[in-house]
Amino acid sequence: MFKFIKSIKYDIDNVLKNDPAARSSVEVFFLYPTINALIHYKVAHFFYERRIFFIARLISQFARFLTGIEIHPGAKIGKGLFIDHGMGVVIGETAEVGDNVLLYHGVTLGGTGKEKGKRHPTVGNNVVIGAGAKILGPITIGDNCKVGANSVVLKNIPEGSTVVGIPGKIVESKNTELINIGDYEKFKRCAE
């Protein structure tokens, strides 16, 4: 129980750190859908890990009804997830989300079909995913990446990259060798 409370406190502190509109821990706890969704997710995940799937899904569907945020109880979520204006966020069953990730409304961490096994994305630590972005399939988004609003990402993204567009293209990276030469040249011209 202490571990559960400590993790919720960390999530609340992360919201306070990242949202200039948040005024107090009490406000965040009672009024922010991200905290409500995470509390329900943690309880549902507890049941999911014990193979009590019906109860797990019932709890997650109730949370979806309350918050508009759908986190499958089988997903693996790190500490400090902040879902800002969470309506319409979907996190699939085999998705993995690292620590201190920021998702805006309308983000989907989804699959691309009816495959079995790992079929949802893995998102690294300290990642920001803009409103309406779709990250689809068993791909990896590296640590410290940024995904632009309404982007559709279908391929692995290396650590420290910024991705925009449909389909998502890397427009900035800590390691310029990772960027397709044509994209990088185009990016440099736009930046000048």
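Read on for an overview of the structure. Quick caveat, the model's predicted, so the values are computed rather than measured. (Residues numbered from 1 in each chain as written. Predicted model: local features only at pLDDT ≥ 70, side-chain atom pairs only at ≥ 80, totals over all residues. Heavy atoms only, no water.)

Quick look at a nonpolar patch on the surface
Consideration 1: Nonpolar side chains collect at one region of the surface, where V26, F29, F30 and L31 lie side by side and expose about 450 Å² of accessible area between them.
Consideration 2: Its location among the elements puts L31 in helix α2 (residues 25-31). (Patch = residues over 30% accessible without salt bridge, like charges linked within 9 Å, V, L, I, M, F, W, Y side chains within 5 Å. Areas by Shrake-Rupley, 256 points an atom, 1.4 Å probe, with all protein chains shown as cover. Salt bridge = Lys/Arg side-chain N within 4 Å of Asp/Glu carboxyl O. Helix = DSSP H or I, 4+ residues; strand = E, 2+ residues; numbered from the N terminus.)

Structural notes on helix α3 (residues 33-49)
Count 3.6 residues to each turn of an α-helix, and residues three or four apart come out pointing the same way.
Consideration 1: With 17 residues, α3 extends 24 Å from end C-alpha to end C-alpha; this agrees with the ideal 24 Å at 1.5 Å per step.
Consideration 2: Burial in α3 covers these residues: T34, I35, A37, L38, H40, Y41, K42, A44 and H45.
Consideration 3: Just beyond α3, the residue with positive phi is R51, at close to 65°. (Expected span 1.5 Å × (residues − 1). Buried < 20%, exposed > 50% of the residue type's maximum accessible area, 1.4 Å probe, protein only.)

Focus on the packing of aromatic side chains
Consideration 1: Summed over all chains, the structure comprises three aromatic pairs.
Consideration 2: Aromatic pair F46 and F47: ring centres 5.5 Å apart, planes at 85°, arrangement edge-to-face.
Consideration 3: Here the basic side chain of K79 rests over the ring of Y10, its NZ or CZ set 4.8 Å away from the ring centre. (Phe/Tyr/Trp six-rings, centres within 6.5 Å; stacked < 30°, edge-to-face > 60°. Lys NZ or Arg CZ within 6 Å of the ring centre and 35° of its normal.)

Considering the sheet that holds strand β5 (residues 96-97)
Consideration 1: If you trace the four strands from one edge of the open sheet to the other, you get β2-β5-β8-β11, paired in parallel fashion. This sheet does not close on itself; its edge strands, each paired only once, are β2 (76-77) and β11 (140-141).
Consideration 2: As defined by bridge partners, strand β8 (residues 122-123) adjoins β11 across two bridges and the pair is classed as parallel. Across the sheet, V123 pairs through a bridge with I141, a residue of β11. (Pairing = 2+ DSSP bridges.)

Concerning the pattern of salt bridges
Consideration 1: All chains considered together, the criterion is met by six salt bridges.
Consideration 2: Between K9 and D13 there is a salt bridge, with its nearest N and O atoms 3.0 Å apart. Within this pair, K9 and its partner D13 are both found in helix α1 (residues 2-18), separated by four residues, close to a single helical turn.
Consideration 3: We classify D13 as partly exposed; its relative accessible area is 33%.
Consideration 4: The residue R119 makes a salt bridge to E93 at a minimum N-O spacing of 2.5 Å.

Concerning the side chain of T67
Consideration 1: You can see T67 is positioned in helix α4 (residues 53-67).
Consideration 2: Exposure remark for T67: the relative accessible area of 8% places this residue in the buried category.
Consideration 3: Within the structure, T67 has its side chain in polar contact with the backbone oxygen of A63 (distance 2.7 Å).
Consideration 4: Here the side chain of T67 touches I69 through a polar contact of 3.1 Å, landing on its backbone nitrogen.
Consideration 5: In contact with T67, other than residues within four places in its own chain, are P33, N36, A37 and M87. (Polar contact = N/O pair within 3.5 Å; in protein donor to acceptor, adjacent residues only side chain to side chain. Contact = heavy atoms within 4.5 Å.)

Observations regarding the nonpolar core
Consideration 1: I71, I91 and I129 are the most contacted members of the largest nonpolar core, which totals 30 residues.
Consideration 2: With three residues, α3 is the single largest residue contributor to this core.
Consideration 3: When near neighbours in sequence (up to four residues on either side) are disregarded, I129 contacts L102, L103, Y104, V107, L109, V123, I135 and V147.
Consideration 4: If you look at the next biggest cluster of nonpolar residues, it comprises nine residues, including I8, I12, A22 and V28. (Core = buried A, V, L, I, M, F, W, Y, C linked by side-chain atoms within 4.5 Å.)

Structural notes on α1
Consideration 1: In this model α1 runs 24 Å from its N-terminal to its C-terminal C-alpha over 17 residues, within 8% of the 24 Å that 1.5 Å per residue would give.
Consideration 2: Among all positions in α1, only I8, D11, I12, N14 and V15 are buried. Each buried residue of α1 sits inside an arc of 155° when the element is viewed along its axis, so together they form one side. For α1, the exposed residues lying more than 90 degrees away from the buried face are F2, K3, K6 and K17. (Arc of directions from axis to C-beta.)

Overview of the environment of I12
Consideration 1: By secondary structure assignment, the location of I12 is in helix α1.
Consideration 2: Between the C-alpha atom of I12 and that of F82, which follows or precedes it by 70 residues, the distance is 8.8 Å.
Consideration 3: Every residue in contact with I12, bar those within four places of it in the chain, is listed here: S25, V28, F29 and I35.

In short, geometric facts, not functional conclusions.
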